[in-house]
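Coordinates in review
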Amino acid sequence: MGKWWGVMLEEYLPALVHVVVGIGFAVVALLTNFLLGRAGARSKAKDTPYECGMLPAIEEQPRFSVKFYLVAMLFILFDIEVVFMYPWAVVFREYLEREGVLIFWSMMGFIGILLVAFLYALRKGAMEWSR
Amino acid sequence: MQLAIFWIFSVLMLLFAGLVVVMRNPVASALSLVMCFICLAGLYFTLDAFFIGIIQILVYAGAVMVLFLFIIMLLNLKEEVARRLKLSAFFGGGLVLCGFVYAMVKAVINLPEVWQTAPKLETGGISDVARIGFKLFETYNMPLQIVGVILLVATIGVVFLSSRQLR
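All residue numbers refer to positions counted from 1 along the written sequence of the respective chain. All chains are assigned letters beginning at A, and all ligands numbers beginning at 1, according to the order in which they are written. Confidence filtering applies because this is a predicted model: local features only for residues at pLDDT of at least 70, side-chain atom pairs given and counted only at 80 or more, and all residues used for totals across whole chains, interfaces and linings. Excluded from the side-chain calculation are hydrogens and water; included are all heavy atoms of the structure.

Quick word on the overall build of chain B
A count of helices and strands for chain B gives 6 helices and 0 strands. Under the DSSP-based scheme used, a helix requires at least four consecutive residues in state H or I and a strand at least two consecutive residues in state E, with every element numbered from the N terminus. Counting helices and strands in the order they occur from the N terminus, chain B gives α-α-α-α-α-α. As defined in this context, the radius of gyration uses C-alpha atoms, and a globule is described by 2.2 Å times the residue total to the power 0.38. Over its C-alpha atoms chain B spans a radius of gyration of 22 Å, topping by over 25% the 15 Å that the globule rule assigns to 167 residues. Dimensions of chain B along its principal axes, counting C-alpha atoms only, are 60 × 55 × 30 Å.

Observations regarding the nonpolar core
Here the nonpolar core consists of buried residues drawn from Ala, Val, Leu, Ile, Met, Phe, Trp, Tyr and Cys, with membership extended through side-chain atoms lying within 4.5 Å. Partly exposed describes any residue whose relative accessible area lies between the buried limit of under 20% and the exposed limit of over 50%, with all areas from a 1.4 Å probe on protein chains only and scaled to the type maximum. By size, the foremost hydrophobic cluster in this structure holds 24 residues, and its most contacted members are Phe-110 of chain A together with Phe-137 of chain B. For this core, the secondary structure elements donating two or more residues are helix 3 (67-98) and helix 4 (102-123) of chain A together with helix 5 (128-138) and helix 6 (141-162) of chain B. In terms of residue count, the dominant contributor to this core is helix 3 of chain A (9 residues). It only takes one pair of heavy atoms within 4.5 Å for two residues to be counted as in contact. Excluding anything up to four places from it in sequence, Phe-110 of chain A contacts Glu-81 and Phe-84 of chain A together with Leu-144, Gln-145, Val-147, Gly-148 and Leu-151 of chain B.

Side note on the interface of chain B and chain A
Chain B puts 48 residues into the contact, and the matching count from chain A is 55 residues. Together chain B and chain A conceal approximately 4800 Å² of surface at their shared face, both sides included; 74% is due to carbon and sulfur atoms. Pairs of N or O atoms are called polar contacts if they sit within 3.5 Å, as long as, within protein, a hydrogen donor faces a hydrogen acceptor (for residues adjacent in sequence, only side-chain-to-side-chain pairs). In this structure, the connection of chain B to chain A is made through 4 residue pairs in polar contact (both at pLDDT 80 or more). Contributions of two or more residues to the side of chain B that touches chain A are made by helix 1 (2-22), helix 3 (50-75), helix 5 and helix 6 of chain B. Basically, the charged four are Asp, Glu, Lys and Arg, the nonpolar ten are Ala, Val, Leu, Ile, Met, Phe, Trp, Tyr, Cys and Pro, and anything else, Gly included, counts as polar. For the side of chain B that touches chain A, the per-class residue count stands at 31 nonpolar, 12 polar and 5 charged. Two parts placed together each lose some accessible area under a 1.4 Å probe, and the buried area is that loss summed for both.

Considerations on helix 3 of chain B
All names here are of chain B. A helix is expected to span 1.5 Å multiplied by its residue count minus one. The terminal C-alpha atoms of helix 3 lie 36 Å apart, and with 26 residues this matches the ideal 38 Å at 1.5 Å per residue to within 8%. Where helix 3 is concerned, the buried positions are Phe-50, Phe-51, Gly-53, Ile-55, Gln-56, Val-59, Ala-61, Gly-62, Ala-63, Met-65, Phe-70 and Ile-72. Note on helix 3: the residue one or two positions beyond its end, Asn-76, has a positive phi of about 55 degrees.

Considering the domain arrangement of chain B
In terms of domain boundaries, chain B breaks down into domain 1 (1-82), domain 2 (84-116) and domain 3 (130-167). One C-alpha centre belongs to domain 1 of chain B, the other to domain 3 of chain B; they are set 27 Å apart. Each domain span listed reflects an automatic or database assignment of domains.

So this is what it looks like as structure tokens:
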């Protein structure tokens, strides 16, 4: 058990370093902003987004366009595709040696069907933002 | 070591789950839920369930959370205004909660299964992801293609429904 965990931890070390660097970057950026930003005196007017000009008349949160819905749904659909590609990528080499090229064509068929979906969305202009 | 990681992820998960309730900004709540899901995925990893851990991140923290954020945008939810805590309501709610927790603990403690540790899963040196992969491509090739067709239909439906003036 102990040895197994040792191996695991060694494998996860890059991921851990990644997380630590990410958190460290965020902390340093926030801290620098906080420390350097204290140079001037703060007031209520200075904390507003615009120091001069008209007061913003619209609500603080604008309504979101329905285009976001399209992007979100397309993201989910192709996310599911990636879910199937994950075990495929893990077993690919071993399967190829043991059972043959079926695994390759199986995934090609799957991706081919989804390529039709992608081309349909592209042709219908679903990816064009300014329409 | 495993136990330490379990406790770290559990405490973080409960912390973020609490933040989901406490946060007044709905977007902040949703992002806390993402962190909660990621900690849950960490728990799955410590149990050697790598596939379900990755699915937890890809589908729950990714796809489902996109839907949650979309609902927040669609309904134009704003930051909740702080409400004054009513003392009587607070104590009444606390009393109900205590009774509920007491009943739950009493029911769970009497189950003999709670005190047993399940035997370790026999993996035979093959990870669960590889197992699922072999099963998928040995036995379920045709269903995989059918899943592809279902996703194709869903894509066409989404594109068709969300844009009125199509070319």
